[in-house]
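The lines below spell out each chain.
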Amino acid sequence: MALAERYAGLLATDGVVRGLIGPREAPRLWERHLLNSAVVADAIAEGVDVADVGTGAGLPGMVLAIRRPDLSVTLIEPLLRRTTFLQEVVDELGLPNVTVHRGRADSAVHLGGFDVVTSRAVAGLTTLLEWCMPLVRPQGHVLAMKGSSVDDEIVEARPALERAGWGRPEVLVVGEDVLDTPTTLCRVPWADPGSVTWPPRGSVGGAKRRQDTSRRRKRGRQGR
């Protein structure tokens, strides 16, 4: 709890000054941001690797790392001013289970894959899965924080689910015993984990890696 309070203090001060949190959000950080992120941990198994895509100010990834030191959490964010803040928070709080990665989701494929990939208010479900599923290990899943439109998003995503080999989405509700408005999650695994290659076929990172490998081989043949 002490670490969570220090993180809340950093969000309410430096986070506001540096444009990571809106001034109007500071008075309701706990209710609107921290607690609804913290309960996501209830849906995550013990000791797994977690990536938080588009983490922004560290929500929910930083909160998960604070509440669950058994998790290994990678915060993925493309904007320098945000990753700078995140690294400062990690150093200030002394969180050995957190890694900050600056870049888009596809730039993190080379990190080796994750058991759980989380996100909060990043994109619609179809787009989100296109970004996140290439990071998911065969037995892993995406765990996206969603709102009341989750059912509509699932319907819209059905063609992409079948085409890409993603499994059936499952809607979970967590925090009912502690929050006035519980947190809604959408869990999406691979449809057939046994058929998943690494990196997954069609992923931007995977395609780039295969292209780079092909170029290296070609240069090697030319140099013989």
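Being a predicted model, the structure only gives us computed values, none of them experimental.

> Tell me about the sheet that holds strand β6 (residues 170-174), and please be specific about residues and values.
Read from one edge to the other, the open sheet built from seven strands follows the order β3-β2-β1-β4-β5-β7-β6, with strand pairing classed as mixed. Of all the strands in the sheet, the pair left with one neighbour each is β3 (98-102) and β6. Averaged over all neighbouring strand pairs, the angle between strand axes comes to 25°, with direction disregarded. Sheet analysis places strand β5 (residues 136-146) next to strand β7 (residues 183-189), joined by six bridges and oriented antiparallel. Paired with A144 across the bridge in β7 is C186. Relative to strand β4 (residues 114-120), helix α2 (residues 29-38) is tilted by about 160°, and along the sheet it contacts β4, β5 and β7.

> Explain the side chain of T55 residue by residue, including any values.
Within the secondary structure layout, T55 lies in the loop between β1 (49-53) and α3 (61-67). Under the relative-accessibility criterion, T55 is labelled buried at 2%. Here D52 takes part through its side chain, which lies 2.7 Å from a polar atom of the side chain of T55. Filtering out sequence-adjacent residues up to four positions away, T55 remains in contact with G61, L75, I76, E77 and L86.

> So what's going on with the confidence of the model for the protein chain? Which residues, and what values?
Detailed reading of the predicted coordinates is not advisable wherever pLDDT is low. In this model, the protein chain carries a mean pLDDT of 87, and residues with pLDDT of at least 70 account for 88%. Ignoring residues within four places in sequence, the model shows residues 202-224, a span with pLDDT below 50, making 13 contacts including any to other chains.

> So what's going on with the packing of helix α1 (residues 2-17) against helix α4 (residues 80-93)? Residues and values would help.
α4 packs onto α1 with a crossing angle of 145° between their chain directions and a minimal axis gap of 11 Å. Viewed along their axes, α1 and α4 form a crossing whose handedness is right-handed. Listed contacts from α4 to L3, R6, Y7, L10, L11, D14 and G15 of α1 are F85, V89, E92 and L93. When grouped by side-chain class, the residues that make up the contact of α1 with α4 number seven nonpolar, one polar and three charged.

> An account of the nonpolar core is needed here, citing residue identities and associated values.
If you look at the biggest cluster of nonpolar residues, it comprises 40 residues, and the most contacted ones within it are Y7, L11, I44 and M62. Beyond its immediate chain neighbours, meaning those up to four positions away, Y7 contacts L34, A57, G58, L59, M62, V63, I66, V89 and L93. The next biggest cluster of nonpolar side chains, apart from the first, holds 27 residues, and it includes A51, V109, V117 and V150.

> Which residues make up unusual backbone geometry, and what values go with them?
Between L59 and P60 the backbone carries a cis peptide bond, its omega angle lying at 5°. Within the secondary structure layout, P60 lies in the loop between β1 and α3. One non-glycine residue with positive phi stands out, namely A121, at about 55°. Tracing the backbone shows A121 in the loop between β4 and α5 (125-132). A residue is classified by how much of its surface remains accessible, and A121, at 74% relative accessible area, is exposed.

> Can you break down a nonpolar patch on the surface residue by residue, with the values?
A cluster of nonpolar side chains, M1, W30 and L35, forms an exposed patch at the surface whose accessible area comes to about 310 Å². Residue placement: W30 occurs in helix α2. When its relative accessible area of 31% is taken as the criterion, W30 is described as partly exposed.

Cut-offs used in this document
Residues numbered from 1 in each chain as written. Predicted model: local features only at pLDDT ≥ 70, side-chain atom pairs only at ≥ 80, totals over all residues. Heavy atoms only, no water. Pairing = 2+ DSSP bridges. Helix = DSSP H or I, 4+ residues; strand = E, 2+ residues; numbered from the N terminus. Axes fitted to C-alpha atoms, helices over the stretch in contact; angles between N-to-C directions. Contact = heavy atoms within 4.5 Å. Buried < 20%, exposed > 50% of the residue type's maximum accessible area, 1.4 Å probe, protein only. Polar contact = N/O pair within 3.5 Å; in protein donor to acceptor, adjacent residues only side chain to side chain. pLDDT = per-residue confidence, 0-100. Left-handed = near helix turned anticlockwise from the far one by under 90°. Nonpolar A, V, L, I, M, F, W, Y, C, P; charged D, E, K, R; others polar. Core = buried A, V, L, I, M, F, W, Y, C linked by side-chain atoms within 4.5 Å. Patch = residues over 30% accessible without salt bridge, like charges linked within 9 Å, V, L, I, M, F, W, Y side chains within 5 Å. Areas by Shrake-Rupley, 256 points an atom, 1.4 Å probe, with all protein chains shown as cover. Salt bridge = Lys/Arg side-chain N within 4 Å of Asp/Glu carboxyl O.

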